[in-house]
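# Breakdown of the fold
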Amino acid sequence: PVSFHRRVLPPSGIAFASTRGRELFAEALAAGTLHCFFKLIEQFCTQAEPAYCGLGTLVMVLNALDIDPGRTWKGPWRWFHEGMLDCCEPLEDIRRRGITFDKLACLARCNGAVVDARRANASGSSGVVGGSEGGDGEGSPSLSDEERAFREAVRSVCSGDNAACCGGSSGRGGITGPVVF
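All values derive from a computational prediction rather than experimental measurement.

## Here we look at the overall build of the protein chain
Looking only at helices and strands, the protein chain has 6 helices and 2 strands in total. Along the protein chain, helices and strands appear, N-terminal first, in the series α-α-α-α-α-α-β-β. By residue count, 30% of the 181 residues in the protein chain fall in the buried class. Sequence-distant contacts in the protein chain: of pairs separated by 6 or more residues, those separated by 24 or more amount to 46%. Total accessible area computed for the protein chain in this model is approximately 11400 Å², and 56% of it derives from carbon and sulfur atoms.

The structure is reproduced here in structure tokens:
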């Protein structure tokens, strides 16, 4: 059988540990839009199944938000794990096909998160905050009002100490999994 180790980022992707990735991290930290990163990184986990990228992301977010699952994970510990996220879609179906944006939002809601689910825009263009071809992109005539509002919502959430959000990709541009902010 064919196998591979890791995936190569598409040309539009920036590796977190690259020089540019570190520069962007430093810029976001200096701008005050990286507060939620620290709560998220404390909860970092690797997904248990290839198609569980959405579930792994949601586990990190729910645990970072300090939401009590109301049931035990192992022993006396009440902690979210991917195997507990089964209220909107059977786990076996997610393991085979992955999860849609709407089902991920459903899972977040039924596990106690307050969700404001937004897409970057209907055309599927970049939902990346800053770093677009026109500098930070805010003055770019190619950005729609919807995309500007999306970017501002992400900035607002990322500026809070107790906030976390996740955004998914439809696979355009070669990115197939969620991105965590």
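Don't stop here, the text continues.
## Digging into the packing of aromatic side chains
Going through the model one piece at a time under the given rule, you end up with 4 aromatic pairs. Pairing F16 with F25 gives two aromatic rings, centres 5.7 Å apart and planes at 80 degrees, and the pair type is edge-to-face. F16 gets classed as exposed once you look at its relative accessible area, which sits at 55%. Residue classification places F25 among the partly exposed residues on the basis of a relative accessible area of 23%. With 6.1 Å between their ring centres and 35 degrees between their planes, F16 and F37 make a pair best called tilted.

## Considerations on the environment of E92
When you line up the elements, E92 lands in helix 4 (residues 91-97). Among the polar contacts listed, one links the side chain of E92 to the side chain of R95, at a separation of 2.5 Å.

## Thoughts on the state of the cysteines
One pass over the structure, following the stated rule, counts 2 disulfides. Two residues share a disulfide in this structure: C87 and C110, whose sulfurs sit 1.6 Å from each other. Highlighted residues: C87 in the loop between helix 3 (53-64) and helix 4 and C110 in helix 5 (residues 101-110), separated in sequence by 23 residues. Assessed through its relative accessible area of 42%, C87 is described here as partly exposed. Residue C110 is classed as partly exposed on the basis of its relative accessible area, which comes to 39%. Here C88 engages in a disulfide with C106; their sulfurs sit 2.0 Å apart. Every disulfide takes its handedness from the sign of the S-S torsion; for C88 and C106 that torsion is -80 degrees, giving left-handed.

## Some details on a nonpolar patch on the surface
A contiguous nonpolar patch, built from L29, F38, I41 and F44 and spanning about 400 Å² of accessible area, is present on the exposed surface. Following the sequence through the fold, F38 ends up in helix 2 (residues 35-41). The class of F38 is partly exposed, set by a relative accessible area of 41%.

## Notes on the nonpolar core
L55, L58, L62, F80, L85, I94 and L107 are the most contacted members of the largest nonpolar core, which has 15 residues in total. When contributions to this core are tallied by element, the ones reaching two or more residues are helix 3, helix 4 and helix 5. With 4 residues, the single largest contributor to this core is helix 3. If we skip the residues at most four places from it in the chain, I94 touches A51, Y52, L55, E89, I99 and L107. One finds V61, A64, F150 and V154 within the second-largest nonpolar core, a separate group that totals 7 residues.

Quick notes on the rules
- Residues numbered from 1 in each chain as written.
- Predicted model: local features only at pLDDT ≥ 70, side-chain atom pairs only at ≥ 80, totals over all residues.
- Heavy atoms only, no water.
- Helix = DSSP H or I, 4+ residues; strand = E, 2+ residues; numbered from the N terminus.
- Buried < 20%, exposed > 50% of the residue type's maximum accessible area, 1.4 Å probe, protein only.
- Contact = heavy atoms within 4.5 Å.
- Areas by Shrake-Rupley, 256 points an atom, 1.4 Å probe, with all protein chains shown as cover.
- Phe/Tyr/Trp six-rings, centres within 6.5 Å; stacked < 30°, edge-to-face > 60°.
- Polar contact = N/O pair within 3.5 Å; in protein donor to acceptor, adjacent residues only side chain to side chain.
- Disulfide = S-S within 2.5 Å.
- Patch = residues over 30% accessible without salt bridge, like charges linked within 9 Å, V, L, I, M, F, W, Y side chains within 5 Å.
- Salt bridge = Lys/Arg side-chain N within 4 Å of Asp/Glu carboxyl O.
- Core = buried A, V, L, I, M, F, W, Y, C linked by side-chain atoms within 4.5 Å.

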